[in-house]
Amino acid sequence: MLPCAIVLGIGLYLGYHYLPVLHPMGPWLHPLVSEGQRLVIAFLLFFQFVKISPHDLRLSRWHLYALAVQMLSFLLLSALVAVTGGTLRMLLECAMLCMICPTASAAGVITDRLGGHLAGTVTYVVLINVAATFLIPLVIPLVNPSATMGFWAYVGHIALKVFPVLILPGLLAWLVRYTTRKLQRRLMRWASNSFYIWGIGLTLAMVMSTRALLMSGLGWTAVAGIVLVSLLCCFVQFFAGRRMGKGKVEHLTAGQALGQKNTGFLIWLGYHYMTPVTSVAGGLYAIWQNLFNSWELYQKAREEERQRGRISQ
């Protein structure tokens, strides 16, 4: 399903881009896609919070390791960006955005489907969003000297982008949990369909990603550089996450939490606060992470089939 969603999202935007008859839809189509993706994220988080209680959100050692990887690599890359220029600076900006980008809301969906720890992933989603909200404004003036807003103005702007789709679904889900348990049990049964909701979200994400790429005006050499940088960042974070935690469940959970990104936020951040063409990295990262997720889900399905085969024998 995930590769199909990628192809569908790319195809939808290419159809709009190359068919002039559809261009009058542009002024309302882009906000519709952007806000539609935010709504999908809110639904995904709501169904994840429905399945867990506030007491399940516990801090683990791997959470601290993952935060350290993201924050320290972001600060190091930011320092390099400040002293370089040209194409290298642009590629370093792409890398720093890929490294600090918060965990995707769909990470819990994939983690749960793979047999990981849902509560651990959701805990990290909250932690990294808070960390990114306060860390990113510290370096914006460093990498973007033309920035005119103050620290708290940037914090507020990013928080308004992040927290309505992070906090409100959790509060609503826990309100349902502690007031209408019958509805909560019904929603928990429906939560298995959240994987297909993510298919819609991924399609919308790829529409935004294709738009970012076509509007960037980049040459093929620069695009190739961003392809390699985004692929390397994706590999490094999934690999590093898989080396954290204790046991197979925590390794898998940490890998998804560190490697799977909210690429819509990455695109928005690059376009508004960095060199705008760096937003292309978000679209490419979305492709790599979802191809990897597809492979993981395929391997999980094959393992379950082999286990059923051994049981039947």
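This is a predicted model, so every value here is computed, not measured.

Asks: Just to check I follow, could you spell out the overall build of the chain for this structure?
Replies: A count of helices and strands for the chain gives 14 helices and zero strands. From first element to last, N terminus to C terminus, the chain shows the α and β order α-α-α-α-α-α-α-α-α-α-α-α-α-α. For 313 residues, the compact-globule estimate of 2.2 N^0.38 gives 20 Å, and the chain sits close to it at 20 Å. Viewed in the frame of its principal axes, the chain has a C-alpha envelope of about 60 × 45 × 45 Å. Residues classed as buried in the chain amount to 52% of the 313 residues present. Here the analysis covers contacts within the chain between residues at least 6 apart in sequence; of these, 80% occur between residues at least 24 apart. Counting only carbon and sulfur atoms, one obtains 69% of the accessible surface of the chain, whose full area is about 14900 Å². Taken as two groups, the 24 positive and 9 negative side-chain charges of the chain have centres that lie 4 Å from each other.

Asks: Where do I start with the side chain of Ser294 in this structure?
Replies: Position of Ser294 among the secondary structure elements: in helix H14 (residues 280-312). The residues touching Ser294, leaving out its near neighbours within four places in the chain, are Leu2 and Pro3.

Asks: What's the story with the nonpolar core in this structure? I'm lost.
Replies: One broad rule of soluble globular proteins: the nonpolar side chains tend to lie buried together. By size, the foremost hydrophobic cluster in this structure holds 60 residues, and its most contacted members are Met96, Ile136, Ile226 and Phe265. Excluding anything up to four places from it in sequence, Met96 contacts Phe74, Leu77, Ser78, Val81, Val139, Val143 and Met274. Of all hydrophobic cores here, the second largest spans 23 residues; its members include Ala106, Val109, Ile110 and Ala286.

Asks: Which parts of the structure should I look at to understand the packing of aromatic side chains?
Replies: Remark: the centre distance and the inter-plane angle together describe each pair of aromatic rings, the angle taken between the planes. Counted under the stated rule, the structure contains twelve aromatic pairs. Aromatic side chains Trp62 and Tyr124 sit 5.8 Å apart centroid to centroid with 40° between the ring planes, which places their arrangement in the tilted category. Of the two residues, Trp62 sits in helix H3 (residues 61-82) while Tyr124 sits in helix H6 (residues 118-143), which places them 62 residues apart along the sequence. Aromatic side chains Phe292 and Trp295 sit 5.9 Å apart centroid to centroid with 25° between the ring planes, which places their arrangement in the stacked category. Highlighted residues: Phe292 and Trp295, both in helix H14, separated by three residues, approximately one helical turn. With relative accessibility at 26%, the residue Phe292 sits in the partly exposed group. For Trp295, a relative accessible area of 48% puts it in the partly exposed group. Aromatic rings pair up to connect Tyr154, Phe265, Trp268 and Tyr273 into one cluster.

Asks: When you look at a positive patch on the surface in this model, what are you seeing that I'm missing?
Replies: Taken together, Arg181, Lys182, Arg185, Arg186 and Arg189 make up a surface patch of like positive charges. Residue position: Arg186 is located in helix H9 (residues 181-190).

Asks: Explain the pattern of salt bridges to me, please; I cannot follow it from the model alone.
Replies: Opposite charge on two side chains lets them pair, provided their charged atoms get close. One pass over the structure, following the stated rule, counts four salt bridges. Close ionic contact of Arg89 with Glu93 constitutes a salt bridge, the shortest N to O distance being 3.4 Å. With Arg89 and Glu93 both in helix H4 (residues 86-100) and four residues apart, the pair spans about one turn of that helix. Overall, the relative accessible area of 1% leaves Glu93 in the buried class. Among the salt bridges present, the one from Arg242 reaches Glu296, with a minimum N-O distance of 2.1 Å. Within this pair, whereas Arg242 is found in helix H11 (residues 220-242), its partner Glu296 is found in helix H14, the two being separated by 54 residues in sequence.

Asks: Help me out: how do you make sense of a nonpolar patch on the surface in this one?
Replies: Together, Leu232, Phe235, Val236 and Phe239 give the surface a local cluster of nonpolar side chains, amounting to about 390 Å² of exposed area. One can find Phe239 in helix H11.

Asks: What exactly am I supposed to notice about the confidence of the model for the chain here?
Replies: Low-pLDDT portions of the prediction should not be read for the details of their coordinates. For the chain, per-residue confidence averages 85 on the pLDDT scale, and 97% of positions sit at 70 or higher. Per-element confidence in the chain ranges from a low mean pLDDT of 80 for helix H10 (residues 194-216) to a high of 94 for H3.

Asks: Would you explain the packing of helix H7 (residues 151-162) against helix H13 (residues 263-273) in this entry?
Replies: Each pair of packed helices can be summarised by the angle the axes make with each other and by the distance between the axes. Running from N to C, H7 and H13 point in directions that differ by 150°, and their axes come no closer than 12 Å. By the angle class used here, H7 and H13 are roughly antiparallel. Helix-helix and strand crossings are classified by hand; for H7 and H13 the assignment is right-handed. Contacts from Tyr154, His157, Ile158, Lys161 and Val162 in H7 reach Phe265, Trp268 and Tyr273 in H13.

Asks: Would you take a moment to explain the environment of Ala104 for this structure?
Replies: You can see Ala104 is positioned in the loop between H4 and helix H5 (106-114). A sequence separation of 159 residues divides Ala104 from Thr263, and the C-alpha atoms of the two residues are 7.4 Å apart.

Conventions and cut-offs
Residues numbered from 1 in each chain as written. Predicted model: local features only at pLDDT ≥ 70, side-chain atom pairs only at ≥ 80, totals over all residues. Heavy atoms only, no water. Helix = DSSP H or I, 4+ residues; strand = E, 2+ residues; numbered from the N terminus. Rg over C-alpha atoms; globule rule 2.2 N^0.38 Å. Buried < 20%, exposed > 50% of the residue type's maximum accessible area, 1.4 Å probe, protein only. Contact = heavy atoms within 4.5 Å. Areas by Shrake-Rupley, 256 points an atom, 1.4 Å probe, with all protein chains shown as cover. Lys, Arg positive; Asp, Glu negative; His and termini not counted. Charge placed at Lys NZ, Arg CZ, Asp CG, Glu CD. Core = buried A, V, L, I, M, F, W, Y, C linked by side-chain atoms within 4.5 Å. Phe/Tyr/Trp six-rings, centres within 6.5 Å; stacked < 30°, edge-to-face > 60°. Patch = residues over 30% accessible without salt bridge, like charges linked within 9 Å, V, L, I, M, F, W, Y side chains within 5 Å. Salt bridge = Lys/Arg side-chain N within 4 Å of Asp/Glu carboxyl O. pLDDT = per-residue confidence, 0-100. Axes fitted to C-alpha atoms, helices over the stretch in contact; angles between N-to-C directions. Parallel < 35°, antiparallel > 145°, perpendicular 65-115°, else oblique. Left-handed = near helix turned anticlockwise from the far one by under 90°.

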